[in-house]
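Descriptive analysis of the structure
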Amino acid sequence: MTDISVKFVSKKISKIRWRPKSDVKSAPSTIFVTGSWDDQQNTICVWDLRDRIAASDDRDDEISALDHEPQKTFEMPYAGDVLDLQYLSSNTFAVASSTGAVTVLKHLSSSQTLAHLCTWDKHHQFKTDSPAACTCLAPRGDEWIATGGEDGQIVIVALEQRQPVQTLDKADSCTINDLTFLKQSEILSVNSFGQLKTFDLRQDPKQHAQIFSVTENHTPLLCLDKHPGQAHIVATGGEDGMLTIWDLRQEKFPMTLLEAHTGAMWEVKFHPHNPNHLFTCSDDGSLWHWDGSSTDAVSSFTGTKGKKHSI
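Keep in mind that this is a model prediction, so the values were computed, not measured. Each chain has its residues counted from 1, following the order in which its sequence is written. Only residues with pLDDT of 70 or above have their local features reported here, since the model is predicted, and side-chain atom pairs are shown and tallied only from 80 upward, although totals for entire chains, interfaces and linings are computed over all residues. In computing side-chain properties, one takes all heavy atoms of the structure into account and sets aside hydrogens as well as water.

1. Considering the confidence of the model for the chain
Each residue carries a pLDDT value, the predictor's own confidence for that position, ranging from 0 to 100. Summarising the model, the chain shows a mean pLDDT of 86, and 86% of its residues fall at 70 or more. Highest mean pLDDT in the chain belongs to strand S7 (residues 82-87) (98); lowest belongs to strand S4 (residues 52-54) (47). Between two residues, a contact is recorded if the distance between any of their heavy atoms is within 4.5 Å. Counted against residues more than four places away or in other chains, residues 59-66, with its pLDDT under 50, gives 11 contacts. For the stretch residues 295-306, pLDDT sits under 50, and the model shows 37 contacts to residues farther than four places along the chain or on other chains. The secondary structure listing takes helices from DSSP runs of H or I that are at least 4 residues long and strands from runs of E that are at least 2 residues long, numbered from the N terminus.

So, in structure tokens, the structure goes:
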């Protein structure tokens, strides 16, 4: 296993995302961004992980070692808790706030700072006009963003427009915890009632939403990710720490349940280039690497024999 570097940051980090490469030929990115929560002044920070030579003492002949400790290059205040953070391109990313707002920021090429592009205030709100937290984001390309919130709405915006492109105001009756685009006109979401839903943006969501449930206990589903090569294979994580693999083509028994964490699972991600590998992290303080290459079922992860490794 490679060396592990630990950095004390004095903030509660809610989201962390690597900056994508500008093209496939570029070197791996050394820059990532973080967002904080539950602080008097929350922040968005930019970090750089470039190797730094560090000598163990002042003697010139001392053997030096590579120090991989990340260095903070920029910090800016942010109103509310950062509940989600997603890159739209290698230069721009969107941030979801507990105040109901959505903000798009841009990396400046001339420096390691960020510039503000646009903000949609009160993007999510209850019928009483009080703000509802914007809980999740799903980009479609570098111009469209779908958002979900505590108000049960899915709102789609375009960077060039102040008004929403489309609003599914009756998408759900409870909090939408995560969502993603399945196709250009289809959205997949998970909610606090333990349901997985698909929406066709061309139809009435109240009448045509497809609904899947894990169990009758209605344990909240908190996160999801789709297989990068086969969109009908979806992974979700629950408040009970269970990892569920779904095959959306199956109506009667669409899922496989895997015992994962002892605490709530907040992130689940397929490896973008090697989808036999899956990563999950949890409130129990653990990060798991799942290896599905040993299974014979569809997409390797629809079986129950996948191996997991702690990190």
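2. Topic: the packing of aromatic side chains
We call Phe, Tyr and Trp rings a pair once their centres come within 6.5 Å, taking the six-membered ring for Trp, and we label the pair stacked below 30 degrees between planes, edge-to-face above 60, and tilted otherwise. Scanning all chains against the criterion turns up four aromatic pairs. On the basis of an interplanar angle of 5° and a centroid distance of 6.2 Å, the ring pair of Phe32 and Trp47 is categorised as stacked. You can see Phe32 sitting in strand S2 (residues 31-36) and its partner Trp47 sitting in strand S3 (residues 42-48), a full 15 residues away along the chain. For Trp47, a relative accessible area of 6% gives the class buried. Aromatic side chains Phe212 and Trp246 sit 6.1 Å apart centroid to centroid with 65° between the ring planes, which places their arrangement in the edge-to-face category. With a gap of 34 residues between them, Phe212 in strand S18 (residues 210-213) and Trp246 in strand S21 (residues 243-247) connect regions that are remote in the sequence. As far as the burial class goes, Phe212 and Trp246 line up, both buried. One aromatic cluster is present, built from ring pairs that chain together Trp18, Phe32 and Trp47. Over the aromatic face of Trp37 sits the side chain of Lys12, whose NZ or CZ is 5.3 Å from the ring centroid. Relative accessible area decides the class of each residue, using a 1.4 Å probe on protein chains only: under 20% of the type maximum gives buried, over 50% gives exposed, and in between gives partly exposed. Consider the ring centre and the ring normal. A charge sits over the ring if Lys NZ or Arg CZ is within 6 Å of that centre and within 35 degrees of that normal.

3. Overview of the sheet that holds S21
Sheet strands associate in pairs through backbone hydrogen bonding, adopting either a parallel or an antiparallel arrangement. Here we have four strands laid out as an open sheet, ordered S19-S20-S21-S22, and antiparallel in their pairing. With partners counted over all chains shown, the strands left at the sheet margins are strand S19 (221-226) and strand S22 (255-258), one partner each. Each adjacent strand pair in this sheet contributes to an overall mean axis angle of 20°, direction not counted. At least two bridges found by DSSP between two strands is the condition for calling them paired. Axis lines are fitted to C-alpha atoms, over the contacting stretch for helices. Their N-to-C directions set the angle, which ranges from 0 to 180 degrees.

4. Comments concerning unusual backbone geometry
Note: most residues except glycine have negative phi, and most peptide bonds are trans. Look at Lys122: it is not a glycine, yet its phi comes out positive at around 50°. Tracing the backbone through its elements, the reader meets Lys122 in the loop between strand S10 (114-120) and strand S11 (134-140). Judged by its relative accessible area of 56%, Lys122 is exposed. In this model, His218 sits at a positive phi of 60°, which is unusual for a non-glycine residue. Assignment of secondary structure puts His218 in the loop between S18 and S19. The exposure class assigned to His218 is partly exposed, which follows from its relative accessible area of 32%.

5. Let's talk about the pairing of S10
Strand direction decides the pairing type here: strand S9 (residues 102-107) and S10, joined by six bridges, are antiparallel. In the sheet register, His107 faces S10, and the bridge partner there is Leu114. Between S9 and the antiparallel strand that follows it, S10, lie six residues.

6. Re empty space enclosed by the protein
Points on a 1 Å grid over protein atoms alone make up a cavity when a 1.4 Å probe fits among them but cannot get out, and a pocket when they form an open set with protein on both sides within 12 Å along at least five of seven lines; lining residues each have an atom within 4 Å of a point. Grid points are joined across faces, edges and corners, and a volume is the space filled by probe spheres set on the points. Per the stated rule, a full pass over the model turns up one cavity of 30 Å³ or more. Together, Val9, Lys11, Ile13, Thr34, Thr43, Cys45, Trp47 and Lys72 line the largest cavity. Top element by residues in the lining of the largest cavity is S3. It accounts for three residues. Under the scheme applied, nonpolar residues are Ala, Val, Leu, Ile, Met, Phe, Trp, Tyr, Cys and Pro; charged residues are Asp, Glu, Lys and Arg; polar residues are all the others, including Gly. Across the lining of the largest cavity, the residue classes tally to four nonpolar, two polar and two charged.

7. Brief notes about the sheet that holds strand S12 (residues 144-149)
One open sheet accounts for four strands, arranged S11-S12-S13-S14; its pairing is antiparallel. Edge positions in the sheet fall to S11 and strand S14 (166-168), since each of these pairs with one other strand and no more. Sheet twist, expressed as the average angle between the axes of neighbouring strands with direction ignored, equals 20°. Of the strand pairs in this sheet, S11 and S12 are connected by six bridges, and their pairing is antiparallel. Note on S12: the bridge partner recorded for Leu137 is Thr147.

8. What about the pairing of strand S20 (residues 233-238)?
A regular strand carries its side chains on alternate faces of the sheet. Among the six residues of S20, six are classified as buried, and the element is accordingly described as predominantly covered. Of the two faces of S20, the one carrying Ile233, Ala235 and Gly237 and the one carrying Val234, Thr236 and Gly238 are both buried. Looking at chain direction, S19 and S20 are connected through five bridges and run antiparallel. Within S20, the residue paired with Asp225 across the bridge is Ala235. Count of turn residues in the S19/S20 antiparallel hairpin: six residues. Alignment of S20 against S21, held across five bridges, turns out to be antiparallel. The residue bridging Val234 from the neighbouring strand is Trp246, located in S21.

9. Considerations on the nonpolar core
One finds Ile44, Phe93, Val95, Leu105 and Leu114 to be the most contacted residues of the largest nonpolar core, which totals 14 residues. Elements with a contribution of two residues or more to this core: S2, S3, strand S6 (71-78), S7 and strand S8 (92-97). Joining through side-chain atoms within 4.5 Å is the link that ties buried Ala, Val, Leu, Ile, Met, Phe, Trp, Tyr and Cys residues into a set, and such a set is a nonpolar core.

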